[in-house]
Amino acid sequence: MKRIGSAKGGYWEVDQELATFLKENLTPDVGLGEKLGEKLGEKLSENQLEIIKEIIKDPLITIVELSQRIGISTTAIENNVTKFKEKGILKRIGPAKGGHWEVDPELADTFNKI
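Predicted model only: the values in this text are computed from it and were never measured.

Novice: How do you make sense of the nonpolar core when you look at a structure like this?
Specialist: Note on soluble globular proteins: their nonpolar side chains tend to be buried together. Grouped together as the largest cluster of nonpolar side chains are 18 residues, with contacts concentrated most on Ile51, Ile55, Leu66, Ile77, Phe84, Leu90 and Trp101. It is helix α3 (residues 46-57) that provides the largest number of residues to this core, a total of four residues.

Novice: Which parts of the structure should I look at to understand the side chain of glutamate 54?
Specialist: Mapped onto the elements, glutamate 54 comes out in helix α3. Apart from residues no more than four positions distant in its own chain, glutamate 54 is found in contact with Ile61, Leu66, Arg69 and Ile70.

Novice: Which parts of the structure should I look at to understand the pattern of salt bridges?
Specialist: In total, this model carries five salt bridges according to the counting rule given. A salt bridge links lysine 53 to glutamate 50; the nearest nitrogen and oxygen atoms lie 3.6 Å apart. A residue pair is termed a helical-turn pair when its members lie 3 or 4 positions apart in one helix, as lysine 53 and glutamate 50 do in helix α3 at three residues. By relative accessible area, lysine 53 is classed as partly exposed at 22%.

Cut-off values and rules
Residues numbered from 1 in each chain as written. Predicted model: local features only at pLDDT ≥ 70, side-chain atom pairs only at ≥ 80, totals over all residues. Heavy atoms only, no water. Core = buried A, V, L, I, M, F, W, Y, C linked by side-chain atoms within 4.5 Å. Buried < 20%, exposed > 50% of the residue type's maximum accessible area, 1.4 Å probe, protein only. Helix = DSSP H or I, 4+ residues; strand = E, 2+ residues; numbered from the N terminus. Contact = heavy atoms within 4.5 Å. Salt bridge = Lys/Arg side-chain N within 4 Å of Asp/Glu carboxyl O.

What follows is the structure, given as structure tokens:
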């Protein structure tokens, strides 16, 4: 796998064997993105799914840590978090420092089944 172009406008080139493996083993996320998308009114992107997964794994995670783990900017994380909050998928309990995230229990349960 190699990166073609810039971080913003580029893409990853994947060999055929790896692409086949990923398609066969990552198909649950497609359904998951659609199920979560029903609540949002749109299908979730890979980054959005990763944000939710990371928050479920670590409710104390910070925006900066999410940015580092997923590999996108803190602004992109904040924009997605705002969208999740507006849709009722995610809420912050307590202050920015010392608080934690809470994901809609129904959606968290969907993630945990996969």
